[in-house]
Amino acid sequence: MSLVNQPAYAPDASAVRSPALWLLGLAALLASAVLVHAPATIFDVGVRNIDFNTHYAWAVQFAEALRGGAPYPRWMWRGQFSLGEPALLFYSPLFYYLCGILRLATSNMWEAMRIVFILSTMLTGVYGWRLLRQFTDDAHAFAGAVALQWSPVIFMLCHWYNDFPWAVGFCALVALTYYLSRPNALRQWVDIPVSLAIAALALIHILSALMALICFSFLSLRFIRRWRWGAPFPRPVACWFISAGLGLGLAMFYLFPALDSMSLIAADVWTTQWTPWQNFAFPIFTAFAFGMRWFSFQWTMPAIVLLSIVAATLYARSQPDRSAPLNETLALMLVVAWVSLFFASELSYPLWLLDSPLRKIQFPDRFLYIGAATGVIANLLALCDLRRRGGSRFWRVILITPLVLGVAATAVLGAKLSWIDGKPLALATDETSPYRGLPEYHIRTQGPRWQGYYDAGGLAAECAERRLTCTTLAQTSRAQLWSVTTGGPVDLRLPLLAFPAWQMTIDGAPTPYVIDPATGLITVTIPFGAHRIAASWQRLPSEWAGLFMSDLAALILVMVALWRRFPRAAGYPIRPGIDPIRRRDRGE
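Just so you know, these numbers come straight off a predicted model, no measurement behind them.

Q: Before we go on, may I ask you to explain helix α21 (residues 325-344) in this structure?
A: It helps to recall that an α-helix has 3.6 residues per turn; residues three or four apart then point in one direction. Given a rise of 1.5 Å per residue, 20 residues ought to cover 28 Å, and the 29 Å separating the end C-alpha atoms of α21 matches this to within 8%. Counting buried residues along α21, 16 of its 20 residues qualify, which places the element largely inside the surrounding structure.

Structure representation (structure tokens):
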């Protein structure tokens, strides 16, 4: 059993394999991606808020650390006003890897980031096209892919919220949706493309992966409701959870140390300072009780998503034959889309009262992210079916209207940002100034007077007051180095917040340190004379454990791939015309 038993559309070979049409479609998707991000790519304007500044600062430091030889920079040394923060120990790293790699070929980080925006939106279109071309011709599939690229929800995430990794991760979400719609999806015990898509989503934006796992897991109900006690357990259900687990396993080099180290930072900020009560989609009762945070993201965007889902649902219910592969895929997308709207709306209010992983998502309206993919795809699939059946003009208007509204909303938002609200960004030179950082990444041992140390002049002021000669020689993600000359033994606070991964040395010899309770800074005893004090980042035990888990998951997936690539080695005699995988599925 699989999600979709066979392709629903079989166009003639020339329509599918026309190189000219294929290249023209790719060019159209690229041009569409550039236009979607026109405020940043063409007009170079935006709204700089704390999210913009944070992701930009992290990307600049991550790229610098990569160029300096750090394979996985986790310490952002300019945060907390140059006292440092372990932000990338907890935040998904793939977006910053992409920006850091592209920074090698660009003149500044903002240029690299804009290329990542364009490429991710182009990938959204490519995967949308691949999904839709299973059910319609290339031209209509490309048109639908463009509509998917012009999602107003994703545009707002990228250019108004400025949560760049979250917006970039949309391409991985659409890829996951495509892989689950393939004719052979979840047919075996492990679906490697599904695992890879989940790993990519988790490594770009972990909360997106959590929301996707919650919503897509409801697909299992479609198969479990047909299951009878004593019958074999539905393979798609088992395959989904096994594949999802292996996908998360691939991401464990990031995820395990992040989860294991939560007690080291002020992680409670995520659930105490940021609460869900003002952030439901379609707020009515909660708006009266708690107020509302952002009208356009809680009413306008949800309404557009809801229209797509309702239009596709009404169309699906009007069709007498719901067993065709296209209609099965449409039904599955609608299940996920409605689940996402449930979690986004006040209907899920009781669930947000529980102390569960759901609270880590913080804001219910974030679930619109899942509906922005599956709801629009369901709408497009309904249009594909309408075209195949030669349906009425009435249904054509019903189904096209939400798509047009979505594209128009993105165009209006883009024009407004480009010509009214956006300010010139002027990031031709990378900014390297110290910054406050986010409160959730405050280290538990960080004292209340940490900013007072910076405001008073930091290491330079403290050394001048105590008549010491101090020079900062290096500040990077992996190492901090100072030169200090003293007239006698002295306890000196260094401009570095204490964290278990730091190992201190004086002139190359390991030395103990204490934590200054007022600031949380590392304090070392320096003997008489001139010395070099160094702090070097040593991997935490959880980092090694996470790396082992990722290696193990990768090894399992490689072995599964080789097993399928060379079926004779798995013990299946090859008979002409018999696919060994199909034979195994039949129990032979």
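That covers the picture; the talk isn't over yet.
Q: When you look at the state of the cysteines in this model, what are you seeing that I'm missing?
A: A disulfide bridge is the covalent bond that connects two cysteines by way of their sulfur atoms. Here the structure, examined in full by the defined rule, presents one disulfide. Across a sulfur-sulfur distance of 1.9 Å, Cys-463 and Cys-470 are joined as a disulfide pair. Here the S-S torsion is close to -90 degrees, and the disulfide linking Cys-463 with Cys-470 is therefore left-handed. On the accessibility criterion, Cys-463 (2% relative accessible area) is buried.

Q: Can you help me understand a nonpolar patch on the surface in this one?
A: Together, Leu-35, Ile-42, Phe-43, Trp-419 and Ile-420 make up an exposed nonpolar region whose accessible area comes to about 560 Å². Among the secondary structure elements, Ile-42 is positioned in the loop between α3 (38-41) and β1 (45-46). According to the relative accessible area criterion, Ile-42 is partly exposed, its value standing at 48%.

Q: Help me understand the pattern of salt bridges in this model?
A: Side chains that differ in charge, positive against negative, can pair when their charged atoms come close. For the coordinates displayed, the defined rule picks out 14 salt bridges. We note a salt bridge from Arg-114 to Asp-44, for which the minimum N-O separation is 3.4 Å. Within this pair, whereas Arg-114 is found in helix α8 (residues 109-132), its partner Asp-44 is found in the loop between α3 and β1, the two being separated by 70 residues in sequence. You can call Arg-114 buried: its relative accessible area is 16%. With relative accessibility at 25%, the residue Asp-44 sits in the partly exposed group. Measuring nitrogen to oxygen at the nearest pair gives 3.3 Å for the salt bridge that ties Asp-138 to Arg-133. On the basis of relative accessibility, which here comes to 4%, the residue Asp-138 falls in the buried class. Linked through salt bridges whose partners overlap, the residues forming this network are Asp-385, Arg-388 and Arg-389.

Q: Where do I start with the nonpolar core in this structure?
A: Generally speaking, nonpolar side chains in soluble globular proteins are found buried as a group. Membership of the largest hydrophobic core comes to 177 residues, with the highest contact counts inside it found for Trp-58, Trp-110, Met-113, Phe-216 and Tyr-369. With 14 residues, helix α23 (residues 368-389) is the single largest residue contributor to this core. With near-sequence residues (within four places) excluded, Met-113 lies in contact with Tyr-56, Ala-59, Phe-95, Cys-99 and Phe-164. In terms of nonpolar packing, the next biggest core, distinct from the first, is built from eight residues, Ile-192, Ala-199, Leu-246 and Leu-250 among them.

Q: Looking at this model, I keep getting lost on the side chain of Ser-208. Mind explaining?
A: Here Ser-208 lies in helix α14 (residues 206-216). Within the local environment of Ser-208, its side chain forms a polar contact with the side chain of Trp-166, the two groups lying 3.2 Å apart. Among the polar contacts listed, one links the side chain of Ser-208 to the side chain of His-205, at a separation of 2.8 Å. Look past the residues within four positions of Ser-208 in its chain and what remains in contact with it is Trp-166, Leu-201, Tyr-369 and Ile-370.

Q: When you look at the confidence of the model for the protein chain in this model, what are you seeing that I'm missing?
A: Where the model shows low pLDDT, its predicted coordinates should not be examined in detail. Per-residue confidence for the protein chain gives a mean pLDDT of 91; residues scoring 70 or more make up 92%. Low pLDDT (under 50) marks residues 10-16, which in the prediction has five contacts with non-local residues, meaning those over four places away or in another chain. Note on residues 569-588: pLDDT under 50 across the span, and 25 contacts to partners over four residues away in sequence or across chains.

Reading the values: rules and limits
Residues numbered from 1 in each chain as written. Predicted model: local features only at pLDDT ≥ 70, side-chain atom pairs only at ≥ 80, totals over all residues. Heavy atoms only, no water. Helix = DSSP H or I, 4+ residues; strand = E, 2+ residues; numbered from the N terminus. Expected span 1.5 Å × (residues − 1). Buried < 20%, exposed > 50% of the residue type's maximum accessible area, 1.4 Å probe, protein only. Disulfide = S-S within 2.5 Å. Patch = residues over 30% accessible without salt bridge, like charges linked within 9 Å, V, L, I, M, F, W, Y side chains within 5 Å. Areas by Shrake-Rupley, 256 points an atom, 1.4 Å probe, with all protein chains shown as cover. Salt bridge = Lys/Arg side-chain N within 4 Å of Asp/Glu carboxyl O. Core = buried A, V, L, I, M, F, W, Y, C linked by side-chain atoms within 4.5 Å. Contact = heavy atoms within 4.5 Å. Polar contact = N/O pair within 3.5 Å; in protein donor to acceptor, adjacent residues only side chain to side chain. pLDDT = per-residue confidence, 0-100.

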